[in-house]
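Here is what each chain is made of, one letter per residue.
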Amino acid sequence: MTNRSIRKALALASLAAMFSQPAFCAASDARSAQPADLVLFHGTILTVDGKDSIAEALAVRGGKIVAIGTTQEILRLAGSKTRRIDLTGRTATPGLIDSHAHIADGGVGELYNVQLGDATTVAEAVNRVRKAVARLKPGQWLVGDGWDEGKLAERRYLLASDIDAISPNNPVWLEHTTGHYGVANTVALRLAKISASTPNPKAGTIDRDASGQPTGVLKETAADLVRDLIPPPTPEQRRAGILKSIDSLHREGMTAVKDPSIEQPTWDAYAELLKEGKLKERICVLWYAGTTMDSARRALREMQAHPRPPQSLGDGRLLSCGVKIFMDGSGGARTAWVYKDWYKKSTEVDTGNTGYPAVDPELYRRQVRLFHEAGVHVGTHAVGDRAIDWVVDTYAQVLKDKPTKGLRHSIIHNNIPTDHAIDTMALLQRQYDAGYPELQAPFMWWIGDTYAGTFGPERGQRLIPLKTYVDMGIIWGGGSDYSVTPLPARYGLWSSIERETLKGVYGSHPFGTAQAIDIHAALRSYTIWNARQLFLDDRTGSLEVGKDADIAVWTQNPYNMPSAELRNLHCEATILAGEVVFDESTGRHVPGP
Ligand SMILES: [Zn+2]
């Protein structure tokens, strides 16, 4: 080769790399065997493979991707019975994945509880409750979900005094959107035997007014005093709730979810739907480990009754992934365990309140050791900087004592990690394939105004430091924590980049923009990086030959649309293992056979 031809070859190579079009890639038998079942062509296919390649077309057979290439190459694999989807320039991505969404409980809430997530005044919330109470018999429980003082014009908690007059005969529990606190009316407080003389339970707070009377607001374990009295959903309601959520997921191009903190009745509901062929979603669950060694041993027994991930039930549909432990509370409730006092209204110091651990820290350490030694994946809820340090140090200790690769222990929420925590996560990821944040960028949006008020202006800059993670080679899983924030993953893609709050109470960007990332990393966090955290990375999370055909089709191309518009990313079709489970063009949703 002459110098000139070498230069030319290099220029062509770099041009090719720029477009990163993969060479035609096919399973060894793709040409010789049966025609494809399904082909997608004339599109922009964001494969999210190792090179972030973009292709035009792909072919599916037996639920798996058998070839990726140009339209011409792929159409050669189609036969007379092949379903052909002409993308006409639209974009396909891997099916999106959420590593933290309470889809079973959230679906039940949407179907059977009063929804308060979009209430903008106290009066509006109270009015919805009034209407619902009118339909009940005296004594029946009324449950509501989703209120948030950051979204109410009054910027204050709902109180028992707001709902006593409209519900004198029915107990009421209105859960805050974070799930870490709520408000009970006086009927409910009486049933729970909560009065001025009731002490705060361990790891809980009974909110009180200036005269010491309970206001009705109950946080963390104090909320359980009321919650434990509410009749649980019936098995039919649980199944209906899951199907409702699966429908919502399909409409948003989402094909896999980690449902954290479940117990036996929820597992049974998933397993029954699977048996009936209605579980058209990949579900990985975490069993709730509780706050004692006994409860941890029980969770271990429950999870060990099922195949160990990546083994699954139903060919990748249902996985008993591991356990969940709570290290602390909520950034909204000012109960998460932090080094410096919480704030109220952004600048008013909540003197002496640094939150608290949800479980005795030493006991937590013993729980983690129990699971780790049994080879079980642990996800720990940790919001505050002090809780996160304790969790990553615990992981580091048990991994040092029993080095095990691939358990992928995670730090759920991981809101304000210290530099020490960030360094430790980087180390654990490299050495042990563990220490992954499973975080929810939409916290900055949906509960961002409440968060800006409690974290305060300085600490808020450390919230969800995605750019630092990218710079340090730390990978994470994206999520919604539905129903803490809405389910669609597009909000997470958008929030990862824009970091904007819903109402701008303390300015539109109280958490700054220095930690913003680009769409390429954001999409990875809702696809291939999440697939790892669901133990499904050999199967889904990217569009590559040999993987299951989990695909979302979008009107816009997330890689070149304005990032401010990402929250409006529009899903047109969703494919799970080669089956079209949602198709907007036919207006058809296919929940089951
Ligand atoms: Zn959660």
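Residues numbered from 1 in each chain as written. Predicted model: local features only at pLDDT ≥ 70, side-chain atom pairs only at ≥ 80, totals over all residues. Heavy atoms only, no water.

What is the right way to look at the state of the cysteines in this model?
Scanning the model with the defined rule gives one disulfide in all. Disulfide pairing is shown between Cys 284 and Cys 321; the S-S distance is 2.3 Å. On the sign convention where negative means left-handed, the S-S torsion of about -135 degrees between Cys 284 and Cys 321 marks this disulfide as left-handed. Of the two residues, Cys 284 sits in strand S17 (residues 282-288) while Cys 321 sits in strand S18 (residues 318-326), which places them 37 residues apart along the sequence. On the basis of relative accessible area, Cys 284 is assigned to the buried category, the value being 0%. Assessed through its relative accessible area of 1%, Cys 321 is described here as buried. (Disulfide = S-S within 2.5 Å. Helix = DSSP H or I, 4+ residues; strand = E, 2+ residues; numbered from the N terminus. Buried < 20%, exposed > 50% of the residue type's maximum accessible area, 1.4 Å probe, protein only.)

Looking at this model, I keep getting lost on the sheet that holds strand S6 (residues 64-69). Mind explaining?
To summarise the sheet geometry, strands pair through backbone hydrogen bonds and adopt either a parallel or an antiparallel arrangement. Overall, mixed pairing links the five strands, which are arranged S1-S6-S5-S2-S7 in an open sheet. Each of the sheet's edge strands pairs with one partner strand only, and the pair in question is strand S1 (25-26) and strand S7 (78-86). (Pairing = 2+ DSSP bridges.)

It is not clear to me how the coordination of the zinc ion should be interpreted in this structure. Could you clarify?
Tetrahedral coordination by four donors places them ideally at 109.5 degrees to one another around the metal; octahedral coordination by six donors ideally gives 90 or 180 degrees. Note on the zinc ion: its protein donors are His 100 (NE2), His 102 (NE2) and Asp 481 (OD). The metal-donor distances range over 2.1 to 2.2 Å. Of note, the donors binding the zinc ion are all from one chain and are spaced H-x1-H-x378-D. Of this pair, His 102 sits in the loop between strand S9 (96-98) and helix H3 (103-112) while Asp 481 sits in the loop between strand S24 (477-478) and helix H18 (490-498); the two residues are 379 residues apart in sequence, bridging distant segments of the chain. A residue is classified by how much of its surface remains accessible, and Asp 481, at 6% relative accessible area, is buried. (Donors = N, O, S within 2.8 Å, 3.2 Å for Na, K, Ca; no water.)

How should I be thinking about the nonpolar core in this particular structure?
Side chains of nonpolar character tend, in soluble globular proteins, to be buried together. With 113 residues, the main nonpolar core has Ile 103, Tyr 270, Val 323, Phe 371 and Tyr 395 as its most contacted residues. For this core, the element with the most residues is helix H12 (residues 385-401), which contributes seven residues. The contacts of Tyr 270, once residues within four sequence positions are left out, are Ile 103, Ala 104, Ile 242, Asp 259, Leu 279, Ile 283, Val 285 and Leu 318. (Core = buried A, V, L, I, M, F, W, Y, C linked by side-chain atoms within 4.5 Å. Contact = heavy atoms within 4.5 Å.)

So what exactly am I meant to see when it comes to the side chain of Arg 334 here?
Note that Arg 334 resides in the loop between S18 and strand S19 (343-344). Among the polar contacts listed, one links the side chain of Arg 334 to the side chain of Asp 350, at a separation of 2.8 Å. With residues near it in sequence (within four places) discarded, Arg 334 still touches Tyr 157, Lys 219, Trp 342, Tyr 343, Lys 344, Asp 350, Asn 353, Gly 355 and Thr 454. (Polar contact = N/O pair within 3.5 Å; in protein donor to acceptor, adjacent residues only side chain to side chain.)

Please explain the pattern of salt bridges as it appears in this structure.
Close approach of charged atoms lets side chains of opposite charge pair. For the structure on display, the rule yields 29 salt bridges. Residue Glu 438 pairs with Lys 258 through a salt bridge whose shortest N-O separation is 2.8 Å. Linking Glu 438 in strand S23 (residues 436-439) with Lys 258 in strand S16 (residues 254-262), this pair joins segments that are 180 residues apart in sequence. Taking the relative accessible area as the measure of exposure, Lys 258 reaches 0% and is therefore buried. Where salt bridges share partners, they join Lys 64, Arg 282, Asp 315, Arg 539, Asp 548 and Asp 550 into one cluster. (Salt bridge = Lys/Arg side-chain N within 4 Å of Asp/Glu carboxyl O.)

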